[in-house]
Amino acid sequence: MPGEGAGAPGGDNSPNPAAASGFWAEAERHLVRYGGEFTHEIIERAAGSFVYTAEGRKLLDFTSGQMSAILGHSHPEIVRTVRRQIASLDHLYSGMLSRPVVDLARRLAETLPAPLEKTLLLTTGAESNEAAIRMAKLVTGKHEIVSFARSWHGMTQAAASATYSAGRKGYGPSAPGHFAIPVPHAYRPDFTTPDGALDWRRQLDFAFEMIDAQSTGSLAACIVEPILSSGGIIEPPEGYLAALRDKCRERGMLLILDEAQTGLCRTGSWYAFERDGVVPDILTLSKTLGAGLPLAAVVTSAEIEQEAYERGFLFFTTHVSDPLPAAVGNTVLDVLARDGLDARARSLGTYLRKGLEELAERHEVVGDIRGRGLLAGLELVVDRATKESSDELGARVTRRCLELGLHMNIVQLPGMGGVFRIAPPLTATEEELALGLAILDEAIADATA
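## Here's the deal with the packing of aromatic side chains
Then comes step 1: Counted under the stated rule, the structure contains 8 aromatic pairs.
Then comes step 2: Where phenylalanine 148 meets tyrosine 240, the ring centres are 5.9 Å apart and the plane angle is 40 degrees; that geometry is what we call tilted. Linking phenylalanine 148 in strand E6 (residues 144–148) with tyrosine 240 in helix H8 (residues 240–250), this pair joins segments that are 92 residues apart in sequence. Of the two residues, phenylalanine 148 and tyrosine 240, neither departs from the other in class, the shared state being buried.
Then comes step 3: What links up through ring pairs into an aromatic cluster is the set Phe148, Trp200 and Tyr240.
Then comes step 4: In this structure, lysine 58 is placed above the aromatic ring of phenylalanine 50, and the distance from its NZ or CZ to the ring centre is 4.3 Å.

Structure follows, in structure tokens:
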């Protein structure tokens, strides 16, 4: 699982060994395990780029919590907003509106290109993707959905059916009409040019030949991440998204871009799709929008929203349009714009990449470095020539990082090496990045000694 430390139910906060033993006994007895092993640290608090354990250890957080806390932990302006808003207006009947909700919808539209101007505010990435897929099906009158073979869009029904990187076995049939296309992965290309480089155009043509062969003629939408995160920080080459949009247009499909982890300045621009000059039909946001609090959005055009409304679009959930998270979203936009965090992500991203490249010069097990801005990937291999991977190596490095005071997340998928997802807060300093790089350097050296 992504390595977040468990909280402290029951207030068992003491650093003494007996109290910690009791905590873990209670956790084992009462918690449902939902994705692997828990990080064996009791987390007491978090501030800025660090989390602090019950034993007094200070861990540099290189994942921004669950890839979400782009302003760091306990940002003072977020804290002030939550205190103010929860004391006046926190939650409403789902049919009621408040100023924070309308303000956030308007302000999101101001950050986006036309025709994206209509917003639905929800809680999680899975929920926003569920709503987007539901809207696309209703508007097109079709039901088939295409996504990447290493995608992660969430754990609710339609989102999970469009997720191929994990969680498909043992749960019975997924939603009908879901298809996967290959990921354009430059480091591990499947279709190649004569010089061995990825031939993504031929790959994309082949992919849609297969989609057309399997489709019953009911293709509704394609949902993709501009940079696959849980898939291993894989960025489609420039031009790919435009070509994918054209494939959708040819078939009357809508293009949904899931910017849960790439949206709102993390990649060095407000939205990752800006690099490609592509505007999606539907955009989903989550993680970064709430900077660690549960807030998500579906943004689309007035035309699509009108069609959905006329057809009776229904997504009436408990926390739709809640004022408290919307107020937090407005504060997130305030800080991003005022502090120029898009430019900061570009600058710090350059610094981070240079540091990772220096690690690659010192360690043969670093096979590839990729990503954009402050969303970086470092792939570990046991042999650079064959690109052979090792789950055990990745686990050793991850474990050693934690021992040395760095929380890292490694994704391991069949057919590729262990890939560290590096996503520090946009508020991190160069000194904090340097500390993380130094710890990672030491951890790789120790794990390969």
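## Some thoughts on the environment of valine 51
Then comes step 1: With respect to the helices and strands, the residue valine 51 is situated in strand E3 (residues 50–53).
Then comes step 2: Separated by 354 residues in sequence, valine 51 and glycine 405 place their C-alpha atoms 9.8 Å apart.
Then comes step 3: In contact with valine 51, other than residues within four places in its own chain, are Ile43, Arg45, Ala46, Arg57, Lys58, Leu59, Asp61 and His73.

## Describing the sheet that holds strand E11 (residues 296–301)
Then comes step 1: Ordered by their spatial adjacency, 7 strands build an open sheet running E5-E11-E10-E9-E8-E6-E7, and the pairing between neighbours is mixed. The sheet is open, and its two edges are formed by strand E5 (116–122) and strand E7 (178–181), each paired on a single side. Each adjacent strand pair in this sheet contributes to an overall mean axis angle of 20 degrees, direction not counted.
Then comes step 2: Of the strand pairs in this sheet, E5 and E11 are connected by 6 bridges, and their pairing is antiparallel. When the bridges of E11 are listed, leucine 122 appears paired with alanine 296.
Then comes step 3: The strands touched by H8 are E6, E7, strand E8 (219–224) and strand E9 (254–258); relative to E9, the strand with the most contacts, the crossing angle is about 145 degrees.

## Some details on the pairing of E3
Then comes step 1: Side-chain alternation along E3 places Phe50 and Tyr52 on one buried face and Val51 and Thr53 on a second face that is also buried.
Then comes step 2: Both strand E2 (residues 39–47) and E3 contribute to a ladder of 4 bridges, which runs antiparallel. When the sheet's bridge partners are listed, alanine 47 is paired in E3 with phenylalanine 50.
Then comes step 3: The antiparallel pairing of E2 with E3 creates a hairpin that spans 2 residues between the two strands, and glycine 48 there sits at a positive phi of about 60 degrees.
Then comes step 4: Bridge count between E3 and strand E4 (residues 58–61): 3 bridges; the pairing is antiparallel. Residue pairing across strands places valine 51 opposite leucine 59, the latter belonging to E4.
Then comes step 5: Linking E3 back to E4 in an antiparallel pair, the connection comprises 4 residues, with glycine 56 at a positive phi of about 90 degrees.

## Here's the deal with helix H5 (residues 125–140)
Then comes step 1: In this model, H5 (16 residues) spans 22 Å end to end at C-alpha, consistent with the 22 Å of a helix rising 1.5 Å per residue.
Then comes step 2: Within H5, 12 of the 16 residues are buried, leaving the element largely enclosed by the surrounding structure.
Then comes step 3: Taken residue by residue, H5 has Gly125, Ala126, Glu127, Ser128, Asn129, Glu130, Ala131, Ala132, Ile133, Met135, Ala136 and Val139 as its buried positions.
Then comes step 4: Once H5 ends, the next one or two residues include glycine 141, with phi positive near 70 degrees.

## Some points on the pattern of salt bridges
Then comes step 1: Here the structure, examined in full by the defined rule, presents 27 salt bridges.
Then comes step 2: Between arginine 188 and glutamate 379 there is a salt bridge, and its shortest N-O distance comes to 2.6 Å. Taken as a pair, arginine 188 in the loop between E7 and helix H7 (200–214) and glutamate 379 in strand E13 (residues 375–380) lie far apart in primary sequence, 191 residues in all.
Then comes step 3: As a salt-bridge pair, glutamate 307 and arginine 311 come within 2.6 Å of each other at their nearest N and O atoms.
Then comes step 4: Residue glutamate 307 is classed as partly exposed on the basis of its relative accessible area of 28%.
Then comes step 5: Via salt bridges that share partners, Arg188, Asp368, Arg370 and Glu379 belong to a single interconnected network.

## Observations regarding empty space enclosed by the protein
Taking a probe equal in size to a water molecule and rolling it over the atoms shows the remaining empty space.
Then comes step 1: Applying the stated criterion across every chain yields a total of 1 cavity of 30 Å³ or more.
Then comes step 2: Lining the largest cavity are Pro226, Glu235, Pro236, Pro237, Tyr240, Leu241, Arg275, Asp276 and Arg372.
Then comes step 3: Tallied by class, residues from the lining of the largest cavity come to 5 nonpolar, no polar and 4 charged.

## Quick look at the sheet that holds strand E15 (residues 409–411)
Then comes step 1: A sheet is described by the order of its strands in space; here 4 strands give the open sequence E12-E13-E16-E15, paired in antiparallel fashion. In this open sheet, the two edge strands, each paired with only one partner strand, are strand E12 (366–372) and E15. Pairwise comparison of adjacent strand axes, ignoring direction, gives a mean angle of 25 degrees for this sheet.
Then comes step 2: Here 5 bridges tie E13 to strand E16 (residues 418–422), and the two strands are oriented antiparallel to one another. Looking across to E16, one finds that glycine 377 is bridged to arginine 421.
Then comes step 3: Packing of helix H11 (residues 341–362) onto the sheet brings it into contact with E12, E13 and E16, and relative to E12 it is tilted by some 170 degrees.

Rules used in this analysis
Residues numbered from 1 in each chain as written. Predicted model: local features only at pLDDT ≥ 70, side-chain atom pairs only at ≥ 80, totals over all residues. Heavy atoms only, no water. Phe/Tyr/Trp six-rings, centres within 6.5 Å; stacked < 30°, edge-to-face > 60°. Helix = DSSP H or I, 4+ residues; strand = E, 2+ residues; numbered from the N terminus. Buried < 20%, exposed > 50% of the residue type's maximum accessible area, 1.4 Å probe, protein only. Lys NZ or Arg CZ within 6 Å of the ring centre and 35° of its normal. Contact = heavy atoms within 4.5 Å. Pairing = 2+ DSSP bridges. Axes fitted to C-alpha atoms, helices over the stretch in contact; angles between N-to-C directions. Expected span 1.5 Å × (residues − 1). Salt bridge = Lys/Arg side-chain N within 4 Å of Asp/Glu carboxyl O. 1 Å grid on protein atoms, 1.4 Å probe; cavity = no way out; pocket = protein on both sides within 12 Å on 5 of 7 lines; lining within 4 Å. Points joined across faces, edges and corners; volume = space filled by probe spheres on them. Nonpolar A, V, L, I, M, F, W, Y, C, P; charged D, E, K, R; others polar.

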